[in-house]
Amino acid sequence: MYKFLVFGLCLLGVLCAQGQEFRIRGSVKDATNAAGIPEVRVQLTGTSIETTTDASGSFELTGELPAGDYNLSFSASGYFSLQLPVTLNPGSSIELDYIPLEIDLAEANQNLTLISLSDLQLNNEEQRDDILSPLLSATNDAFGNAAAFDFSSTFFRPRGLDSQYSSVLINGIKLNKLSTGRPQWSNWGGLNDVMRNREFTPGIAPGDYSFGGPAGTLHFDMNATSLGRGGRVSYAQANRSYTGRIMASYNSGLSQNGWAYSTLASRRFGNEGYIEGTLYDANSFFAAVEKQLSEKHSLNLTAIYTPNRRGRSTALTQEVLDLKGNQYNPNWGYQDGKIRNARLRGIDEPLVILSHHWKFSSRNTLTTSVAYQWGKTSNSRIDNTGSTLVKTEDGTDTFLGGARNPAPNYYQNLPGYFLRFSNPTAANYQNAYLAREAFVEYGQLDWDALYQANRVASETGLNAVYAIQNDVNQDQMLQIASILNTDLSQKLKLTGRFSATRLKSENYAELDDLLGGSIWLDIDSFAEDDATTGGDLAQSDLQNRNRLVQEGDRYKYNYRILASELQAFVQLQATLKRIDAYAAIELQQTRYQREGLYENGYYPGNRSLGKSDAVAFFTPSAKAGLTYKFSGKHFALLNAGLLTQPLPYNTVFTNARQNNDIIDEASAEQITNLDLSYIYRSPSLKLRLTGYLIDFKRGSELSFFYTSSLQSPQIEQGNALVQEITTGINRRNLGAEFGVEFKALPTLTFKAVAAYGNYQYTSDPQVYYTTTLAQQPVIFGDGNVKLNNYHVADGPEQAYQLGFDYRDPDFWWLGASFNRFADAYIDVSYLRRSDAFSTDFDGLPFNDYDPAQARVLLQQEKIPPYNLVNLVGGKSWRVKDYTIGFFGLVNNLLNTRYKTGGFEDSRVGDYRSLLEESNRELPLFGNRYFTGYGTTFYVNVYVRF
């Protein structure tokens, strides 16, 4: 593959075709106020010859093409696209002094919801921030827009990919987290007005900013001169994640003395959204200032600060959903008459970027940016392990304490717990009825009970038993990146990028709130010493035995991650008469090291304290592709890539909170990416059909859970909190995407979209388990997970849309869409597919194991298909130099109840226990589900000037 790419790069350098040199100059203006529009994409349709306008709206397009008639297209976010016919003759030089673009108010207002909508999926504590890329990666075709707006609320992932396979950049700085590989979307939430200059490169297609990945590359240009002159004030109301938002922004444009600035401030708020108890408290601030030092040099400083707090919800079992509905959230309760959520996520990470732009000729630019980001992310939860150190009569230390799980949906609080027996008695039914009545009547956290328990403990001389714990991640990131774009000739373009990133990440537990208690003893109350419970195993830090901590102190765990990343990529593009071609190579070096600051009792010495061994990944990647131009209206595109991707560090260290252990056989994931597209574009019809194959090999995963099915001689009764380490995961994503828009009238457009995929595991990977209760990793049987042919739980594999958009000349518009989703699957338990499922504690198979029954128990649950209807519309008015208007949308108009995903509960993972569960009318540990929202709305009122 790499030899082919080297050959391709050489071949591109010598390709030639007959053509004539031309030059087109012009200036693009806002039709309402004649202000220059920056960042307008100017392209000769059917070719790869394109450019963007500068801060004043001016552009120059040069190249070589055969003489003839062409269309010159102009497109920019928030404006109607424009096509102008041009005739190129030998030595043509065309001057277009005034090119007006009309504001597309419908698109401009839809852009207001891009980041707002992303908040819908940030509230769930189990759901990772991994399905949000479609919300910000809207493209100009029917499929991309459907994925961004109408499909997003169902956790639909284009091509079954999450955001770790994408790259997100602001001003040339890559902002994917080294801990997860994913961007943290809320770091720029609430900045909609200054994030319209975005460029999305689908898949592994060639881009101007980075090598990219299977899920594409999204780049935001947030330089002051790139933001069109003017201001906007808006107010929004919704019933989703927040209930209100106010935003104000102003962009100065480039002044005569070469200065430009941009500012924005916004606030989003709500005591709860559609899901009960989901507090939303977010402020966003943005400032950018740019100075044109000369015609060739400019400096830009961008600062972003978006502190936010959100209340979290959780996945629910069917029993809980039947009793409380899809808006239920067990994480909150009333305290002093106010809603308080125990699971809060807080993010406070400012970002500053300094960029130098050097245009050393009309065809060559070099942009160098330096970024510094710092701050912390915290996730709160209730800690019910409070203990007190006491001495027995013989002088032995022991610990007294610990408390019951206070979660209202804890399985012992539900009716099913009292009906768990094969033949329930009348007393069982009576207790189940009482439990049902209590849960339906209230079923929320009892904060008063937690405070009362701590008061009683304090009065009797004991330490607090309940507290609020914050799991804190405190980062300092420094990155420098340079991007070179140069035209080697009329036919060849070279793009290169180099970046270096350093990260210091501190991770610790913080005692946030003692809930009326006096003090907290920092030990593990579940420790099981070989002599007494007062021994070494219980110590969070052997350097500070039996430490007493107060609010604001660190406790339980405390460590650093030191990480670095070097990236370099080069890309060569050739533009010929019938064919455009490209080839690119990327080299990346990633290094991680853990430094333990506590000496954990289970892992004494350098097993937990001090620096771990360093883990390094060298990950080369390569891609190539071509576009064949049948005519100026229809084309065929082919992209092929062989990529390698390093593991994020939260997968490399198997139990970073307690020790320095590293995943066995840590290796980079290998990805083969192929896609083929046919595109047709005319003034009345736009169509795209894409087929894709993405093959993943040698992937790894790390999971944490409590189970009662760890059948090992090392584990008493199989009960353990475990780390599940899975390596050698192979899977394949195969499918097609289709999108078409037909303009039946100048004001009426019909659209149809379809996505069909098949996402399956293609191997039986290896799995092992670690726990504080076992000295060695626990491996069952051959150590494999029987996953081959199971579906990967990556959202609906099928999605379809029919819809229309009507845009009246009198500045009002209306759109509607019917959307259908199918073939979504529940995430399977790996433990159940390992030999732990069929093996007893003696290592032999269960004597009552029935293979036919086992196949039934292990069948993957498929979520029923569902339909959603969405409406969107708005109206605007011109009043002198102001535009006043409103924009609104309604999602799930028919209030359809549906599930978007879920997972099997590995609390039960062996044949006998699962068979017993299946025979219960109300399983104790049934599948947990994520549910979609019912009818929701979003309304925005604005003034633009």
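Numbers given for residues are sequential positions, taken from 1 along each chain in its written order. With pLDDT at 70 or above as the cut-off, local features in this predicted model cover only qualifying residues; side-chain atom pairs require 80 or more to be listed or tallied, and sums for whole chains, interfaces and linings still use all residues. As a rule here, side-chain values come from all non-hydrogen atoms in the structure, and water together with hydrogens is ignored.

1. Some details on the overall build of the protein chain
For step 1, the next point in the chain: When you go through the protein chain residue by residue, the secondary structure sums to 12 helices and 49 strands.
For step 2, the next point in the chain: This radius of gyration counts C-alpha atoms alone. The globule rule is 2.2 Å times how many residues there are, raised to the power 0.38. Its C-alpha radius of gyration of 29 Å places the protein chain within 12% of the 30 Å reference for a compact globule of 945 residues.
For step 3, the next point in the chain: When its C-alpha atoms are laid out on the principal axes, the protein chain stretches across 100 × 60 × 55 Å.
For step 4, the next point in the chain: Across the 945 residues that make up the protein chain, the buried fraction comes to 56%.
For step 5, the next point in the chain: Where the 84 positive side-chain charges of the protein chain centre and where its 99 negative ones centre are 7 Å apart. Going along the chain from the N terminus, every DSSP run of H or I of four or more residues is numbered as a helix, and every run of E of two or more is numbered as a strand. Categorising residues by exposure relies on relative accessible area from a 1.4 Å probe, with only protein chains included: less than 20% of the type maximum marks a residue as buried, more than 50% marks it as exposed, and the intermediate range marks it as partly exposed. Just so you know, the count uses Lys and Arg for positive and Asp and Glu for negative, and it drops His and the chain ends. Charge positions are represented by NZ for Lys, CZ for Arg, CG for Asp and CD for Glu.

2. Looking at unusual backbone geometry
For step 1, the next point in the chain: The phi angle at Leu515 is positive, at roughly 50°, despite the residue not being glycine.
For step 2, the next point in the chain: Within the element layout of this structure, Leu515 appears in the loop between strand 27 (492–513) and strand 28 (520–521).

3. Comments concerning empty space enclosed by the protein
One simple way to see leftover space: roll a probe sized like a water molecule over the atoms.
For step 1, the next point in the chain: The method works on a 1 Å grid over the protein atoms by themselves. A cavity is a set of points holding a 1.4 Å probe that cannot get out, a pocket is an open set with protein on both sides within 12 Å along at least five of seven lines, and residues with an atom within 4 Å of a point line them. Grid points are joined across faces, edges and corners, and a volume is the space filled by probe spheres set on the points. The tally for this structure, following the rule as stated, stands at eight cavities of 30 Å³ or more.
For step 2, the next point in the chain: Lining of the largest cavity is provided by 40 residues; of these, Lys174, Asn176, Glu565, Gln567 and Gln588 occupy positions nearest its centre.
For step 3, the next point in the chain: Just so you know the grouping, Ala, Val, Leu, Ile, Met, Phe, Trp, Tyr, Cys and Pro go in nonpolar, Asp, Glu, Lys and Arg go in charged, and all remaining residues, Gly too, go in polar. Of the residues in the lining of the largest cavity, the class split is 15 nonpolar, 19 polar and six charged.

4. Structural notes on the packing of aromatic side chains
Two descriptors summarise a pair of aromatic rings, namely the distance from one centre to the other and the angle between the planes of the rings.
For step 1, the next point in the chain: Any Phe, Tyr or Trp ring, taking Trp's six-membered ring, that has another such ring centre within 6.5 Å forms a pair; planes under 30 degrees apart are called stacked, those over 60 apart edge-to-face, and the others tilted. Counting across every chain of the model gives 36 aromatic pairs.
For step 2, the next point in the chain: Seen in terms of ring centroids, Tyr410 and Tyr411 are 5.0 Å apart; in terms of plane orientation they differ by 65°. Their pairing is edge-to-face.
For step 3, the next point in the chain: You can call Tyr410 partly exposed: its relative accessible area is 22%.
For step 4, the next point in the chain: The class of Tyr411 is buried, set by a relative accessible area of 17%.
For step 5, the next point in the chain: A ring pair is formed by Tyr411 and Tyr417, whose centres lie 5.7 Å apart and whose planes are at 80°; its orientation type is edge-to-face. As far as the burial class goes, Tyr411 and Tyr417 line up, both buried.
For step 6, the next point in the chain: Through a chain of ring-to-ring contacts, three or more aromatic side chains come together here, namely Phe151, Phe156, Phe821, Tyr866 and Tyr898.
For step 7, the next point in the chain: We call a charge positioned above a ring when the Lys NZ or Arg CZ atom is no farther than 6 Å from the ring centre and deviates by at most 35 degrees from the ring normal. Positioned over the ring face of Phe439 is Lys324, at 5.7 Å from the centre of the ring.

5. A word on the sheet that holds strand 48 (residues 928–931)
Strand pairs in the sheet, formed through backbone hydrogen bonds, run parallel or antiparallel to each other.
For step 1, the next point in the chain: As summarised here, the arrangement of the three strands in space is 18-48-47, forming an open sheet in which the pairing is antiparallel. Whereas interior strands pair on both sides, the edge strands pair on one side only; in this sheet they are strand 18 (316–317) and strand 47 (899–903).
For step 2, the next point in the chain: As paired strands, strand 18 and strand 48 are joined by two bridges and run antiparallel to one another. Paired with Thr317 across the two strands is Arg928, which belongs to strand 48. Two strands are counted as paired when DSSP detects at least two bridges linking them.

6. Brief notes about the nonpolar core
For step 1, the next point in the chain: What is meant by a nonpolar core is a set of buried Ala, Val, Leu, Ile, Met, Phe, Trp, Tyr and Cys residues, joined one to another through side-chain atoms within 4.5 Å. Of all hydrophobic cores here, the largest spans 52 residues; its most connected members are Ile170, Trp188, Leu191, Val194, Met222, Phe286 and Trp520.
For step 2, the next point in the chain: It is strand 30 (residues 554–575) that provides the largest number of residues to this core, a total of five residues.
For step 3, the next point in the chain: Residues count as neighbours in contact if any of their non-hydrogen atoms are within 4.5 Å of one another. Dropping the residues within four chain positions of it, Met222 is found in contact with Ile170, Asn171, Leu191, Val194, Met195, Phe286, Ala288, Asn300, Thr302 and Ile304.
For step 4, the next point in the chain: Counting 45 residues, the second-largest nonpolar core is a separate cluster that includes Phe696, Ile715, Val767 and Leu857.

7. Observations concerning helix 12 (residues 911–918)
For step 1, the next point in the chain: Those residues of helix 12 that fall on the buried side of the exposure criterion are Tyr911, Leu914 and Glu917. Angularly, the buried residues of helix 12 cover 125° about the axis, an arc narrow enough to put them on a single face.
For step 2, the next point in the chain: Among the structural elements, helix 11 (851–857) are those in contact with the buried residues of helix 12.
For step 3, the next point in the chain: Here a polar contact means two N or O atoms within 3.5 Å. Within protein one must be a hydrogen donor candidate and the other an acceptor candidate, and residues neighboring in sequence count only if both atoms are side-chain atoms. If you check the start of helix 12, you find a side-chain oxygen 3.3 Å away from the backbone N of Arg912, and it comes from Asp910. In this description, one arc is meant: the one made by directions from the helix axis to the C-beta atoms.

8. Some details on the pairing of strand 39 (residues 748–761)
Looking along a regular strand, one sees the side chains alternate between the two faces of the sheet.
For step 1, the next point in the chain: Taken together, the 14 bridges between strand 38 (residues 720–745) and strand 39 define a ladder with antiparallel strand orientation. Note that in strand 39 the partner of Lys743 across the bridge is Thr749.
For step 2, the next point in the chain: The loop that links strand 38 with its antiparallel partner strand 39 comprises two residues.
For step 3, the next point in the chain: The pairing of strand 39 with strand 41 (residues 798–808) spans nine bridges and is antiparallel. Within strand 41, the residue paired with Phe750 across the bridge is Phe804.

9. Quick look at the environment of Thr385
For step 1, the next point in the chain: Here Thr385 lies in the loop between strand 23 (364–383) and strand 24 (387–391).
For step 2, the next point in the chain: Residue classification places Thr385 among the buried positions, given a relative accessible area of 12%.
For step 3, the next point in the chain: Remark: the alpha-carbon pair of Thr385 and Gly402, spanning 17 residues in sequence, is separated by 4.4 Å.
For step 4, the next point in the chain: With residues near it in sequence (within four places) discarded, Thr385 still touches Gly402, Val465, Trp520, Ser525, Phe526 and Lys556.

10. Digging into the sheet that holds strand 9 (residues 173–174)
For step 1, the next point in the chain: Judged by pairing direction, the sheet is mixed, and its four strands sit side by side in the order 9-8-11-10 without closing on themselves. Among the strands making up the open sheet, the edge pair consists of strand 9 and strand 10 (198–201).
For step 2, the next point in the chain: Taken together, the four bridges between strand 8 (residues 167–170) and strand 11 (residues 217–220) define a ladder with parallel strand orientation. Within strand 11, the position partnered with Ile170 by the bridge is Phe220.

11. With respect to the confidence of the model for the protein chain
For step 1, the next point in the chain: Per residue, pLDDT captures the predictor's confidence, and it can take any value from 0 to 100. Across the protein chain, pLDDT averages 90, with 92% of residues at or above 70.
For step 2, the next point in the chain: Every residue in residues 1–18 scores below 50 in pLDDT, and together they form 34 contacts with partners more than four places removed in sequence or on other chains.
For step 3, the next point in the chain: Low confidence marks residues 124–128, where pLDDT is under 50. Its contacts with residues over four positions away, or in another chain, come to 22 contacts.

12. Digging into helix 5 (residues 142–150)
For step 1, the next point in the chain: Burial of helix 5 is extensive: eight of the nine residues sit out of reach of the surface.
For step 2, the next point in the chain: Of all the positions in helix 5, only Ala142, Phe143, Gly144, Ala146, Ala147, Ala148, Phe149 and Asp150 are classed as buried.

13. A closer look at the side chain of Asn819
For step 1, the next point in the chain: Positionally, Asn819 belongs in strand 42 (residues 812–822).
For step 2, the next point in the chain: In this structure the side chain of Asn819 is engaged in a polar contact, spanning 3.1 Å, whose partner is the side chain of Ser817.

14. What about the pattern of salt bridges?
For step 1, the next point in the chain: Each reported salt bridge corresponds to a side-chain nitrogen of Lys or Arg within 4 Å of a carboxyl oxygen of Asp or Glu. Tallied over the full model, the rule gives 44 salt bridges.
For step 2, the next point in the chain: A salt bridge links Glu506 to Arg560; its shortest N-O distance comes to 3.5 Å. One end of the pair, Glu506, is in strand 27; the other, Arg560, is in strand 30, and 54 residues separate them in sequence.
For step 3, the next point in the chain: Residue classification places Glu506 among the buried residues on the basis of a relative accessible area of 14%.
For step 4, the next point in the chain: Between Lys786 and Asp782 there is a salt bridge, with its nearest N and O atoms 3.1 Å apart.
For step 5, the next point in the chain: Classification of Lys786 as partly exposed rests on a relative accessible area of 32%.
For step 6, the next point in the chain: According to the relative accessible area criterion, Asp782 is partly exposed, its value standing at 47%.

15. A short note on the environment of Leu299
For step 1, the next point in the chain: Assignment of secondary structure puts Leu299 in strand 16 (residues 297–305).
For step 2, the next point in the chain: Residues within four places of Leu299 in sequence aside, it is in contact with Val289, Glu290, Lys291, Leu293, Ser355 and His356.

16. Quick look at the pairing of strand 15 (residues 280–292)
For step 1, the next point in the chain: Here 12 bridges tie strand 14 (residues 259–270) to strand 15, and the two strands are oriented antiparallel to one another. Across the sheet, residue Leu264 finds its bridge partner in strand 15, namely Phe286.
For step 2, the next point in the chain: Two elements, strand 15 and strand 17 (residues 308–311), share three bridges in a ladder whose sense is antiparallel. Residue pairing in the sheet places Asp281 in a bridge with Arg309 of strand 17.
For step 3, the next point in the chain: Here strand 15 runs beside strand 16; their pairing, made up of eight bridges, is antiparallel. Bridge pairing links Phe285 to Tyr305 in strand 16.
For step 4, the next point in the chain: Where strand 15 folds back onto strand 16 in an antiparallel hairpin, the turn is made up of four residues.

17. Comments concerning the environment of Asp675
For step 1, the next point in the chain: Mapped onto the elements, Asp675 comes out in strand 36 (residues 669–681).
For step 2, the next point in the chain: Under the relative-accessibility criterion, Asp675 is labelled buried at 5%.
For step 3, the next point in the chain: Along the backbone, Asp675 and Thr644 are 31 residues apart, and their C-alpha atoms lie at a distance of 17 Å.
For step 4, the next point in the chain: Every residue in contact with Asp675, bar those within four places of it in the chain, is listed here: Arg159, Ile204, Leu637, Leu638, Asn639, Thr690, Gly691 and Tyr692.
For step 5, the next point in the chain: Polar contacts involving the side chain of Asp675 include one to the side chain of Asn639, which spans 2.9 Å.

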